[in-house]
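Structural overview for review
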Amino acid sequence: QAKMAGRNAVRFFDPSMQALATARADLEKDLRLALSQNQFKLYFQAQIYRNHQVVGAEALLRWQHPQRGLVSPLEFIALAEKTSLILPIGQCVLEAACTQLKQWEQHARSRQFRLAVNVSARQFRAADFVEQVRRTLDSHGVNPDLLELELTESLVLENINDTISKMHALREMGVRFSLDDFGTGYSSFSYLTQLPFDQLKIDRSFVHNIGIKTSDAVIVQTIIGMAHNLEIEVIAEGVETEAQRLFLEQHGCHACQGFLFSKPVPIDEFMAWSRRLPKC
Ligand code: C2E
Ligand code: MG
Ligand code: MG
Ligand code: MG
């Protein structure tokens, strides 16, 4: 008995666990501070139609940390989810997205640009999520057709009834939906016909393997075919090479997003970049 307790005690004081707990507590404290000091910023990555016109952009969150510099969402979204800080952070992203959509609306060139926003599970499950989106769109006077929410398969399937009712309520308003990272999740396709998705987004792991791994190229073709059969749009993420772009175009993919066109950049850079594109 004593031996067991001793072992547990040793494990409790494991210095690496202690370090991890401290690092987490620090990060959480920093996240709270970041919210109150507006250290979050949206970057924009272009989405391009087959005919080379800009569809719009995906908004990708960045944290401008005073000491650590630009921090990737991969480093803080998970903790933000655990601590519920994702709720105010998500609201802040939605506000910034609507502010941007309103600005785009004021110029002929960008009037039709759509903006895609990533939504986390915790945020989507909040009882007032639909109302929050509605209120934010209303208060900015933004056309809901231009806002696209990106959901993942795991989020969608976690509580299918709640998903169906929220998606339909938002769709009714005009909000669009894209199924992010498609192909990596449960891939139980039966739910697709029940949900009002406007777009499938092919995960970049498959796009990366076009021309490298035949089975992944087949998956890409299959996803594109499925989207056509469901009569919804399909976009590929992580397009880095002309060969990938050509393959996607030849197989009927509607749009592309990736470093081949542009990295995620601050808004001024995004606007300057889009102005340099030829007019179609
Ligand atoms: P995601 O939604 O799948 O976003 C695509 C990720 O791929 C982005 O990483 C983007 O920078 C990266 N990417 C785009 N094109 C290429 C390419 O050609 N090559 C490669 N190697 N990568 C490319 P990022 O910005 O680090 O975001 C990571 C994830 O964090 C996102 O994955 C999304 O799940 C999450 N995220 C980002 N912003 C938000 C947000 O505002 N709210 C929530 N809840 N999650 C967010
Ligand atoms: Mg996304
Ligand atoms: Mg994605
Ligand atoms: Mg992805």
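Refer to the structure printed above.
Residues numbered from 1 in each chain as written. Chains lettered and ligands numbered in written order. Predicted model: local features only at pLDDT ≥ 70, side-chain atom pairs only at ≥ 80, totals over all residues. Heavy atoms only, no water.

Digging into the overall build of the chain
Helix and strand counts for the chain stand at twelve helices and nine strands. Relative to its length of 280 residues, the chain is compact, with a C-alpha radius of gyration of 21 Å against a globular reference of 19 Å. Overall, the C-alpha framework of the chain stretches about 75 × 45 × 40 Å when taken along its three principal axes. Taken across its 280 residues, the chain has 48% of its residues classed as buried. Taking all contacts inside the chain whose residues are at least 6 apart in sequence as the whole, residues at least 24 apart take part in 67%. When the accessible surface of the chain is split by element, carbon and sulfur atoms take 54% of a total near 14,400 Å². For the chain, the centre of its 30 positive side-chain charges and the centre of its 32 negative side-chain charges are spaced 4 Å apart. (Helix = DSSP H or I, 4+ residues; strand = E, 2+ residues; numbered from the N terminus. Rg over C-alpha atoms; globule rule 2.2 N^0.38 Å. Buried < 20%, exposed > 50% of the residue type's maximum accessible area, 1.4 Å probe, protein only. Contact = heavy atoms within 4.5 Å. Areas by Shrake-Rupley, 256 points an atom, 1.4 Å probe, with all protein chains shown as cover. Lys, Arg positive; Asp, Glu negative; His and termini not counted. Charge placed at Lys NZ, Arg CZ, Asp CG, Glu CD.)

A word on the site of ligand 1
Neighbouring residues of ligand 1: 23 residues in total, closest R62, N118, D180, E240 and F259. A distance of 3.1 Å is found between an oxygen atom of ligand 1 and a side-chain nitrogen or oxygen belonging to D181. Here ligand 1 loses 85% of its free accessible area of 810 Å² to cover by the protein chains. Breaking the shell around ligand 1 down by element, the ones donating at least two residues are β2 (54-65) and β6 (176-182). (Near = heavy atom within 4 Å. Polar contact = N/O pair within 3.5 Å; in protein donor to acceptor, adjacent residues only side chain to side chain.)

A word on the pattern of salt bridges
Overall, the coordinates contain 16 salt bridges when judged by the stated rule. Residue K201 is joined to E150 by a salt bridge in which the shortest nitrogen-to-oxygen separation is 2.7 Å. With K201 in strand β7 (residues 199-202) and E150 in strand β5 (residues 147-152), this residue pair connects regions lying 51 residues apart in the sequence. Judged on exposure class, the residue K201 and its partner E150 are both buried. For R176, the salt bridge goes to E233, with nearest N and O atoms at 3.8 Å. In this pair, R176 is assigned in strand β6 and E233 in strand β8 (residues 233-236), connecting sequence segments 57 residues apart. One salt-bridge network, in which partners are shared between bridges, spans R114, E148, R176 and E233. (Salt bridge = Lys/Arg side-chain N within 4 Å of Asp/Glu carboxyl O.)

Things to note about the coordination of the magnesium ion (ligand 4)
Metal coordination angles have textbook ideals: 109.5 degrees for a tetrahedral set of four donors and 90 or 180 degrees for an octahedral set of six. For the magnesium ion (ligand 4), the protein coordination sphere consists of D181 (OD) and E237 (OE), at 2.2 to 2.3 Å. The distance between the magnesium ion (ligand 4) and the magnesium ion (ligand 3) is 3.0 Å, with D181 acting as a donor to both metals. Remark: E237 occurs in the loop between β8 and α11 (242-250) and D181 occurs in strand β6; sequence separation between them is 56 residues. (Donors = N, O, S within 2.8 Å, 3.2 Å for Na, K, Ca; no water.)

Quick notes on the coordination of the magnesium ion (ligand 3)
Coordination of the magnesium ion (ligand 3) by the protein is provided by D180 (OD), D181 (OD) and E237 (OE), with metal-donor distances spanning 2.0 to 2.4 Å. Ordering the donors of the magnesium ion (ligand 3) by residue number gives the pattern D-D-x55-E. Distance-wise, the magnesium ion (ligand 2) is placed 3.6 Å from the magnesium ion (ligand 3), both being coordinated by D180.

Digging into the pairing of β5
Here β5 lies mainly inside the structure; five of its six residues are buried. Bridge count for strand β4 (residues 114-118) against β5 is four bridges, and the pairing is parallel. Of the residues in β5, the one forming a bridge with N118 is E150. Bridge count for β5 against β6 is five bridges, and the pairing is parallel. Within β6, the residue paired with E150 across the bridge is S178. (Pairing = 2+ DSSP bridges.)

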